[in-house]
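# Observations on the three-dimensional arrangement
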Amino acid sequence: MIPTNDNQSVFFLGSDYSLTFLNSLDCSMIFRNSADQALAVLSGCNNKISAITPSEGHTLSKLEKDLLFRFIIDNQFEISTDTAYILGITIIRWLDGREEYLTEKRLRNLLKQPIECESLYIGSLNATSLNIASYSQCGVCNFGQVKVSKFIIGDNCSGQFDWRDNDKIEVIKVGDSFSGSINLSRTSAEYIDIADNCRCDLTIYDCKRCFYLNIGDIYSGKLDIKDTCFHSINIGYYSYAYINMVDNWGHKEVSIGPSFRGKLNISGLNVHSLRLGQDCKGIISLSNGKQESNTHFVEIGNNFAGVMDMRGTSTVEALRIGEHARGKLNLWSTTGVKTVEFDKYYSGYADFSESKIERLRFAEGSSGELVLLNCPNLKLLILPRNHATNLTVDSKPLDIRRDDSNVYFYFSIDSFSALEEVSLYQKIYRGVKDIFFSNPH
């Protein structure tokens, strides 16, 4: 406790510095130099220093910070995170509730081994990288003030890592089997790599740079990206995460690997293409956002058995569905999609009612249910001769033609020539496909 009397108490800190406690200032101490000049005010009561406010125009030197830190340790004061930031020290709260205050040197030594703590606040660390040893359990960690460019989390770690507003961090690498959360909002992160078997809630809002995001296999948790630029986003095999992307733009593609089992919500995405791997059983929702979006092409791999909801979407131009699809596609009132290709053995449900669809093609062995109500732009529907599709359409074709493989339904006066229309369709689809599969990453 700070001793009190009716006047004042003075603590001499060495090197001709002192701390003066005045009753008139109500739980405040004045830090002075040998010339009796006030350098800072320490505020706090009940054995806790809640804030250190340097005098106007003064920056505390390393010596002055060290003196104040030694005073706090010797008198067993508690400190706030604001105080730790001013002094450049770390607060670690252990699992038993005990708090310990560390210099930067002691922190570096501590992090060489696995740690188990309830929380960690780093007031200052200036280094090339910050490493969390494998098998660490870090609790709540605040790294907003850390000056490092690379953050590496070892295998089998857990924790909640808060990097918000950090303008130094560039690379984040997360090892296998991580469990916890990472917040990179308003940071300068450029490369984010999350390994396999991770359950990670990753939040990225208003990132200051375009980033690359790669997530390994068997990913779960929540991926939340908003108002941000990225180069590419790739997620591996068997993800069952909730992915929410709102008003983002990318230079390449968004790719979700095989056997997706989660939920994917995309609103206002401006990216060249979206690709979903085979055996997708997830729920996918695409919609317009507040900004102009422009996703040209969507491809869904073989054995799709999920739900794709694109109601009202105005920007996707072409859609391709792989073989043996049996899922549900809702493209009601879409205004962007013009061409759709269903590969062999389609047996699902697809509703294009009140959309601007122009051309639809189904490969051999197709069945399932197709709804085309109030589709004024519909020009050409191609079905295999052996199809068993349940077709609901309110427009009467102007012409029906056949060849050895397909039946061609023409709904537009400018598409009577079967050869011209099929050739045009094939050119459109082949062009979109070539664009999508060019420059593989």
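Residues numbered from 1 in each chain as written. Predicted model: local features only at pLDDT ≥ 70, side-chain atom pairs only at ≥ 80, totals over all residues. Heavy atoms only, no water.

Of the regular secondary structure elements, the protein chain holds four helices and 39 strands. When contacts within the protein chain are restricted to residue pairs at least 6 apart in sequence, long-range pairs at least 24 apart make up 18% of them. Carbon and sulfur atoms provide 45% of the accessible area of the protein chain, an area that totals close to 20100 Å². (Helix = DSSP H or I, 4+ residues; strand = E, 2+ residues; numbered from the N terminus. Contact = heavy atoms within 4.5 Å. Areas by Shrake-Rupley, 256 points an atom, 1.4 Å probe, with all protein chains shown as cover.)

By the element assignment, Ser 412 lies in the loop between strand 39 (406–410) and helix 4 (418–437). Taking the relative accessible area as the measure of exposure, Ser 412 reaches 13% and is therefore buried. Once residues lying within four places of it in the same chain are set aside, the contact partners of Ser 412 are Leu 378, Lys 379 and Leu 398. (Buried < 20%, exposed > 50% of the residue type's maximum accessible area, 1.4 Å probe, protein only.)

Right, let's talk about the layout of surface pockets for a bit. Vacant regions in the atomic arrangement are exposed by a probe of water-molecule size rolled over the atoms. As a volume, the largest pocket reaches approximately 570 Å³. Taken together, 27 residues make up the lining of the largest pocket; nearest its centre are Lys 65, Tyr 85, Leu 87, Gly 88 and Ser 124. Broken down by element, the residue count for the lining of the largest pocket peaks at four residues, all from helix 1 (residues 62–74). Here the lining of the largest pocket is composed, by residue class, of nine nonpolar, 10 polar and eight charged. (1 Å grid on protein atoms, 1.4 Å probe; cavity = no way out; pocket = protein on both sides within 12 Å on 5 of 7 lines; lining within 4 Å. Points joined across faces, edges and corners; volume = space filled by probe spheres on them. Nonpolar A, V, L, I, M, F, W, Y, C, P; charged D, E, K, R; others polar.)

Of all residues in the protein chain, 90% have pLDDT values of 70 or greater, and the mean over the chain is 88. Confidence drops under pLDDT 50 across residues 1–7; counting only partners more than four residues distant or on other chains, this segment forms 15 contacts. Note on residues 418–425: pLDDT under 50 across the span, and 16 contacts to partners over four residues away in sequence or across chains. (pLDDT = per-residue confidence, 0-100.)

Time to look at unusual backbone geometry. Of all residues except glycine, most have a negative phi; of all peptide bonds, most are trans. We note that Asn 156 has phi near 60°; this positive angle belongs to a residue other than glycine. One can find Asn 156 in the loop between strand 13 (150–153) and strand 14 (158–162). Among the residues examined, Asn 156 registers a relative accessible area of 34% and is labelled partly exposed. The backbone phi angle of Asp 165 is positive, close to 65°, even though this residue is not glycine. By the element assignment, Asp 165 lies in the loop between strand 14 and strand 15 (171–174).

On to the nonpolar core. Membership of the largest hydrophobic core comes to 89 residues, with the highest contact counts inside it found for Phe 161 and Trp 163. Those residues in contact with Trp 163 that sit more than four places away from it in its chain are Leu 130, Phe 143, Val 146, Val 148, Phe 151, Ile 169, Ile 182, Asn 183, Leu 184 and Thr 187. Counting residues in hydrophobic clusters, the runner-up holds 26 residues, among them Leu 60, Phe 71, Ile 79 and Ala 84. (Core = buried A, V, L, I, M, F, W, Y, C linked by side-chain atoms within 4.5 Å.)

Here the focus is the state of the cysteines. Applying the stated criterion across every chain yields a total of one disulfide. For Cys 210, the disulfide goes to Cys 229, at an S-S distance of 1.8 Å. Between Cys 210 and Cys 229 the disulfide shows an S-S torsion of about 90°. By sign, it is right-handed. Taken together, the residues span a long stretch of sequence, with Cys 210 in the loop between strand 18 (199–205) and strand 19 (211–215) and Cys 229 in strand 21 (residues 229–235) at a distance of 19 residues. (Disulfide = S-S within 2.5 Å.)

Below, the discussion takes up the environment of Ala 133. Assignment of secondary structure puts Ala 133 in the loop between strand 11 (129–132) and strand 12 (137–142). Considered as a pair, Ala 133 and Ile 152 are 19 residues apart in the sequence and their alpha carbons are 8.5 Å apart. Residues in contact with Ala 133, not counting those within four places in the same chain, are Leu 111, Lys 112, Gln 113, Pro 114, Gly 154 and Cys 157.

You can see Asp 162 is positioned in strand 14. At a separation of 2.6 Å, a polar atom in the side chain of Asp 162 contacts the side chain of Arg 164. Residues within four places of Asp 162 in sequence aside, it is in contact with Cys 141, Asn 142, Phe 143, Gly 144 and Asn 183. (Polar contact = N/O pair within 3.5 Å; in protein donor to acceptor, adjacent residues only side chain to side chain.)

As enumerated under the stated definition, the model contains 20 salt bridges in all. Linking Arg 108 and Glu 104 is a salt bridge whose minimum nitrogen-to-oxygen distance equals 2.9 Å. Of this pair, Arg 108 and Glu 104 both sit in helix 3 (residues 104–110), separated by four residues, roughly a single helical turn. Overall, the relative accessible area of 37% leaves Arg 108 in the partly exposed class. A salt bridge links Asp 309 to Arg 311, with the shortest nitrogen-to-oxygen separation between them at 2.6 Å. A relative accessible area of 48% places Arg 311 in the partly exposed class. Salt bridges sharing partners connect three or more residues here, namely Asp 96, Arg 98, Glu 100 and Arg 106. (Salt bridge = Lys/Arg side-chain N within 4 Å of Asp/Glu carboxyl O.)

Aromatic rings in a pair are described by how distant their centres are and how their planes are angled relative to each other. Counted according to the given criterion, the structure contains 16 aromatic pairs. With a centroid separation of 5.9 Å and 35° between ring planes, the pair formed by Tyr 237 and Tyr 238 is classed as tilted. For Tyr 237, a relative accessible area of 40% gives the class partly exposed. Tyr 238 sits in the partly exposed class, given a relative accessible area of 32%. Summarising the aromatic geometry, the rings of Tyr 238 and Tyr 240 are spaced 5.8 Å apart at their centres and angled 65° between planes, so their arrangement reads as edge-to-face. Ring-pair connections join several aromatic residues into one group, and the members of that group are Phe 143, Phe 151, Phe 161, Trp 163 and Phe 178. Taking NZ or CZ as reference, Lys 226 lies 5.9 Å from the ring centre of Tyr 205, over its face. (Phe/Tyr/Trp six-rings, centres within 6.5 Å; stacked < 30°, edge-to-face > 60°. Lys NZ or Arg CZ within 6 Å of the ring centre and 35° of its normal.)

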